Amino acid sequence: MRVLHQIHARLLTHAMPISSISFGLCKIIGFCALSTYGDIDYARKLFSQIQSPNIFSWNSMIRGCSQSQTPSKEPVILFRKMVRRGYPNPNTFTMAFVLKACSIVSALEEGQQVHASVLKSGFGSSPFVETALVNFYAKCEDIVRASKVFDEITDRNLVAWSTMISGYARIGLVNEALGLFRDMQKAGVVPDEVTMVSVISACAASGALDTGKWVHAYINKQLIETDLELSTALVNMYAKCGCIERAKEVFDAMPVKDTKAWSSMIVGLAIHGLAEDALEEFFRMEEAKVKPNHVTFIGVLSACAHSGLVSEGRRYWSSMLEFGIVPSMELYGCMVDLLCRASLVEDAYTLVETMPISPNPVIWRTLLVGCKKNKNLDKSEIVAQRLLELEPHNAENYILLSNLYASMSQWEKMSQVRKKMKDMGIKAVPGCSSIEVDGLVHEFVMGDWSHPEAMDIREILRDISKRVHAVGHQPGISDVLHNVVDEEKENALCEHSERLAIAYGLLKTKTPKAIRIVKNLRVCGDCHEVTKIISAEYRREIIVRDRVRFHKFVNGSCSCRDFW
DNA sequence: TTAGGGTTAG
C-alpha cells in the first residue's frame, strides 16, 4: 500500500494531462480494491474523487466491496448507480462480479434483476457470467433455477460442472450431486480438486460412507492433488460418516494443517463422544501454534458437553475469552447444553439471563430439553413461554413441550399443547432416516410405506418386535407424542424412521457389514434401547448419526454410554 | 480485472 500511496502522490504533483491522471487513478483503485493487499477504504476515497471512472475502476470497486469482511449490498448499489449514470456500459466482468456479490449476501431479488440485465445485454453467453448465475442461484438455495441455467449452458466447462455439483451438495441433495458427477465424467470433463471437495462434502452430508470411500479411491487413482481444502473435506467426510479412525489417518498425513483442518478433526472427535482425544488434539493444535477460532471452541465445548466434563468446559470457556474470541450464539448454545446435560439447569438459566446478546430459539430449546431431563416443571414453563414467544409456529417446540408434560404424566397440560398446535394448524416435522445401499441413499420417514420393498421391511420389523419382547424390553412410551392406549403407542414407536432404515439395512446387507443410519432428529429413548438390543440379537454393529452426535451400537451397548 | 472448494451450538 505504501508504494501505491507514493504513486498516487506523484500523479497529483506532476504536471500531466487530466486523462493520464484519471487513467492512473483507475489503475490504483484496481490494486487498492484487491482484498489480499488492498485497502478498500482508500479505494473508495480515490473512486469518489474521479469524475468519470472507467469500467475497470467500477468493476474493481464492485468486486472489492464484495470481498469485505462484513459483506453488504454495497456492490449492488454501486452497480445500479453505474447503470443509472449511463456511463460506462457494464461488461461481462461487471456482471460476474455483481452476481458474485449477490451470492455472498443471498440477495435473491437483486440478483434476479441482474439476471434480467444479463439477458437484455447479451452477456448471457459468456462462460463466466453463466457460471456466476448458476453459483448465484445455488447459493441462494434456488436449486431449480440454478439447474435451469446450468441445463441451458451449451458448452459446460469444468467450473460450470463443479458449481452445479457444489450447489446440490450444499443443500444435501447427495444423489443429485453424485449423479451429476457421473454425468460430468460421461461428458469427458476431467474433475479437479475443487470438484472433488463438493463431491466429498455431499457424501459427508448424507453419511454415505461407501460412496465416500469410493470417491477417495478415485481421487488417489486419478492423482488429483489432495490440497488443504480437499484433505479437510476428507477428514470431515470420514468423521461425519462414522469412520473416525480413517478421519484421523487422513488428518495425521496432512503436511500442513490450518485452523479449519484442526477444527474439523476436533469437531469430528467430539461428535463421536471421544472427548479426551478431542482435547488432546486441541492441546496439539496449541503446540503447533495454530490459532483456534470460534468453531474450534464449538468442538472443544461440545466434546466436554457430551462427556459430562463440566469443570473442564468452564475452564475452556475462560481460555476462549483469553484468546480474544467473543462468544457467539453457537458458543453460548454449547455452554448451555454442557450445563444442562450435567443437570445444572439453574446455572444454565442464569447464563442465558446474563447473555449480552438476545438468546435465540435454539438456546431456549436447549434449556427446555434440560428442564425435561431434570423434570423441572417450574422453570420449564417460563422457558417454554420465552421459546413460544420467539417461535410460535415451530412444531418442534410444541412436541418438545408436549413430551415434557407426558414424561411428567401431566396429561391435561399435554392435551392443551396438542390442542393449541392443532388450532394453529401446526404439523409435526416427521422424523427422517437414511441408509446408503449399493451407492444409493434410501430415505424413510416415520410410518413410511412408500418404499418399493415396504412389505419386506414390515416383516423384518415384526421379527425385531418379537425378539425385543422376548428379551423383556418394556417400550418407553412417554417418548411418543400421542396420549393413546399403550399398544398404539408401541406401534407408533415401531414406525419411527430409524427402525425402518435399520430394518432395511438388515434386509439388504449381511454380517459383518455395519448398518449406518443418518437421522434428522435426535434418537428417542425407546429407539436407543431397541437398537442396543438389535445390535446384540442380530450380531450387527449399528452406527446412528442423529442430529447431535454418533451412537455406535455393539453387542447390546452404545458408545454414548446412554449419555446423550 | 472475470466463474467453482474445506470446520460451525440443539
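Just so it is clear, the structure is predicted and the values come from calculations on it, not from any experiment. (Residues numbered from 1 in each chain as written. Chains lettered and ligands numbered in written order. Predicted model: local features only at pLDDT ≥ 70, side-chain atom pairs only at ≥ 80, totals over all residues. Heavy atoms only, no water.)

### A short note on helix H29 (residues 525-537)
Move 1: Its 13 residues place the ends of H29 19 Å apart at the C-alpha level, agreeing with the 18 Å of an ideal helix rising 1.5 Å per residue.
Move 2: Positive phi shows up at arginine 539, right after H29, with a value of about 50°. (Helix = DSSP H or I, 4+ residues; strand = E, 2+ residues; numbered from the N terminus. Expected span 1.5 Å × (residues − 1).)

### Here we look at the sheet that holds strand S2 (residues 440-445)
Move 1: Taken together, six strands build an open sheet; the order of strands is S2-S1-S3-S4-S5-S6 and the sheet is mixed. Each edge of the sheet is formed by a strand with only one pairing partner; in this case those strands are S2 and strand S6 (557-558).
Move 2: With two bridges joining them, strand S5 (residues 550-554) and S6 adopt antiparallel strand pairing. Its bridge partner being in S6, valine 554 is matched across the sheet by serine 557. (Pairing = 2+ DSSP bridges.)

### Some words on the packing of helix H28 (residues 497-508) against H29
Move 1: Their axes nearest at 11 Å, the elements H28 and H29 cross at an angle of 15°. As summarised for this structure, H28 and H29 are arranged roughly parallel, according to the angle between their axes. Of the two possible hands of crossing, H28 and H29 adopt the one that is right-handed. For the pair H28 and H29, the contacting residues are Glu498, Arg499, Ile502 and Leu506 in the first and Asp526, Cys527, Val530, Thr531 and Ile534 in the second. (Axes fitted to C-alpha atoms, helices over the stretch in contact; angles between N-to-C directions. Parallel < 35°, antiparallel > 145°, perpendicular 65-115°, else oblique. Left-handed = near helix turned anticlockwise from the far one by under 90°. Contact = heavy atoms within 4.5 Å.)

### Topic: helix H13 (residues 209-221)
Move 1: When the terminal C-alpha atoms of H13 are compared, their 18 Å separation across 13 residues agrees well with the 18 Å that a helix rising 1.5 Å per residue should span.
Move 2: Within the sequence span of H13, burial applies to Leu209, Thr211, Gly212, Val215, His216, Tyr218 and Ile219.
Move 3: Buried residues along H13 sit against helix H11 (174-186), helix H12 (193-206), helix H14 (228-240), helix H15 (244-252), strand S1 (432-437) and strand S3 (515-519).
Move 4: Of the residues trailing H13, leucine 223 is marked for its positive phi of about 55°. (Buried < 20%, exposed > 50% of the residue type's maximum accessible area, 1.4 Å probe, protein only.)

### Some words on the pairing of S5
Move 1: Two strands pair when backbone bridges link them, and strand S4 (residues 542-545) and S5 are joined in this way by four bridges, in the antiparallel orientation. Of the residues in S5, the one forming a bridge with valine 544 is histidine 551.
Move 2: Between the antiparallel neighbours S5 and S6 lie two residues, among them asparagine 555 with a positive phi of about 45°.

### Description of the pattern of salt bridges
Move 1: This model, assessed by the stated rule, comprises 26 salt bridges.
Move 2: As a salt-bridge pair, arginine 44 and glutamate 74 come within 2.8 Å of each other at their nearest N and O atoms. Note that arginine 44 is positioned in helix H3 (residues 40-49) and glutamate 74 in helix H5 (residues 74-85), a separation of 30 residues in sequence.
Move 3: Take glutamate 74: its relative accessible area is 24%, and that puts it in the partly exposed class.
Move 4: A single salt-bridge network, built from bridges that share partners, covers Lys248, Asp252, Glu280, Glu281 and Arg284. (Salt bridge = Lys/Arg side-chain N within 4 Å of Asp/Glu carboxyl O.)

### Side note on the UniProt feature "repeat: PPR" (unreviewed entry) in chain A
Move 1: In the numbering used here, UniProt assigns the "repeat: PPR" (unreviewed entry) feature to residues 54-89, 157-191, 258-292 and 293-327.
Move 2: A helix fraction of 74% and a strand fraction of 0% characterise residues 157-191, whose end C-alpha atoms lie 10 Å from each other.
Move 3: Taken end to end, residues 293-327 is 74% helix and 0% strand, and its first and last C-alpha atoms sit 10 Å apart. (UniProt positions renumbered as here; feature names shortened; annotations may be inferred.)

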